[in-house]
Amino acid sequence: MIFCVEDDNSIRDLMIYTLNASGFEASGFSDGEQLFEALKEKKPELIILDIMLPGEDGITILKKLRSHGNTSDIPVIMATAKGTEYDKVIGLDSGADDYLAKPFGMMEMVSRIKAVLRRSSPKQEKLLSMGELELNLSEHTVTSSGKRVQLTLKEFDMLRLFMENPGRVFTREQLLSGIWGTDYIGETRTVDVHIGTLRTKLGTCGSYIETVRGVGYRMEAGI
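These numbers were taken from a predicted model, which means no experiment stands behind them. (Residues numbered from 1 in each chain as written. Predicted model: local features only at pLDDT ≥ 70, side-chain atom pairs only at ≥ 80, totals over all residues. Heavy atoms only, no water.)

## A closer look at the overall build of the protein
Counting its secondary structure elements, the protein contains eight helices and 12 strands. Put simply, the protein has 223 residues, and 42% of those count as buried. For the protein, the proportion of contacts with a sequence separation of at least 24, taken over those separated by at least 6, is 53%. Working note: accessible area of the protein is about 12,300 Å², and carbon and sulfur atoms make up 50% of it. (Helix = DSSP H or I, 4+ residues; strand = E, 2+ residues; numbered from the N terminus. Buried < 20%, exposed > 50% of the residue type's maximum accessible area, 1.4 Å probe, protein only. Contact = heavy atoms within 4.5 Å. Areas by Shrake-Rupley, 256 points an atom, 1.4 Å probe, with all protein chains shown as cover.)

So this is what it looks like as structure tokens:
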């Protein structure tokens, strides 16, 4: 659920329509009083908050949101008048997660919302495991059959990709793109070489990486 606090009815209606059309649920409010009443009933994923509002302005509302425990972690995007650098700075200093300069496009709004939600989403699982193999994302370490394994950055990234997608078959081209980047110009033989060294370093767990003849590679623990 996205809450939109905007006193201009036409703008607010367009924001809600666009968000609904983009797969979000959205509700609109014309001032801070309506917002805080709604917050008693439901906690949104994100709030778009205009700075210029009747009654309390957006900055004051933002400070109230950040000072209350049940609303302090709600991501907030401030809507500011174009060119008002001061408002942007004050908003960010007061705890805003991002801002939109008016007049803004609806697709830009959706893009900013998705970006803020990605940044504020719960952190990914720090430990990946498969059979006797463990990959620790926070410590950037790999343990195979109880022994620490030293991997290069590319080998680590490749192993992580496999362990995050158990059983999925990746073509050599997909691995090149995902590990070396879409702009990398190289041969698929590069993937084969790295797979070979990765299998060797993983010891008995190296057998988890299977060759799918004519397609590519996949990874899953042996039965």
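## A short note on the nonpolar core
By size, the foremost hydrophobic cluster in this structure holds 28 residues, and its most contacted members are Leu133, Val142, Leu159, Phe162 and Met219. Looking at this core, the elements with two or more residues in it are strand 6 (127–130), strand 7 (133–136), helix 6 (153–164), helix 7 (172–180), helix 8 (189–202) and strand 12 (216–219). In terms of residue count, the dominant contributor to this core is helix 6 (six residues). Excluding anything up to four places from it in sequence, phenylalanine 162 contacts Met130, Phe170, Leu175, Ile195, Ile209, Tyr217, Arg218 and Met219. (Core = buried A, V, L, I, M, F, W, Y, C linked by side-chain atoms within 4.5 Å.)

## Concerning the pairing of strand 3 (residues 46–50)
Of all five residues making up strand 3, five are buried, and the element is well covered by its neighbours. Because side chains alternate across strand 3, one face comprises the buried residues Leu46, Ile48 and Asp50, and the other comprises Ile47 and Leu49, equally buried. For strand 1 (residues 2–5) and strand 3, the ladder comprises four bridges, and the chain directions are parallel. Considered in strand 3, the bridge of isoleucine 2 is made with leucine 46. Inspection of the sheet shows strand 3 paired to strand 4 (residues 76–81) by four bridges, in the parallel sense. Bridged to aspartate 50 within strand 4 is alanine 79. Each parallel crossover has a hand, and for strand 3 linked through helix 3 (residues 58–67) to strand 4 it is right-handed. (Pairing = 2+ DSSP bridges. Right-handed = clockwise from strand over helix to strand, strands pointing away.)

## Notes on the packing of helix 6 against helix 7
Contact geometry of helix 6 with helix 7 gives a least axis separation of 10 Å together with a crossing angle of 120°. One finds that helix 6 runs oblique with respect to helix 7. Seen along the crossing, helix 6 lies across helix 7 with a hand that is right-handed. Across from Lys154, Asp157, Met158, Leu161 and Phe162 in helix 6, the residues of helix 7 making contact are Leu175, Ile179 and Trp180. A class-by-class count of the residues in the contact of helix 6 with helix 7 yields six nonpolar, no polar and two charged. (Axes fitted to C-alpha atoms, helices over the stretch in contact; angles between N-to-C directions. Parallel < 35°, antiparallel > 145°, perpendicular 65-115°, else oblique. Left-handed = near helix turned anticlockwise from the far one by under 90°. Nonpolar A, V, L, I, M, F, W, Y, C, P; charged D, E, K, R; others polar.)

## A word on the sheet that holds strand 12
An order of 10-12-11 is seen for the three strands of this open sheet, with the pairing classed as antiparallel. With partners counted over all chains shown, the strands left at the sheet margins are strand 10 (170–171) and strand 11 (209–212), one partner each. Where strand 10 meets strand 12, two bridges bridge the pair, whose relative direction is antiparallel. Counterpart to threonine 171 in the pairing with strand 12 is glycine 216.

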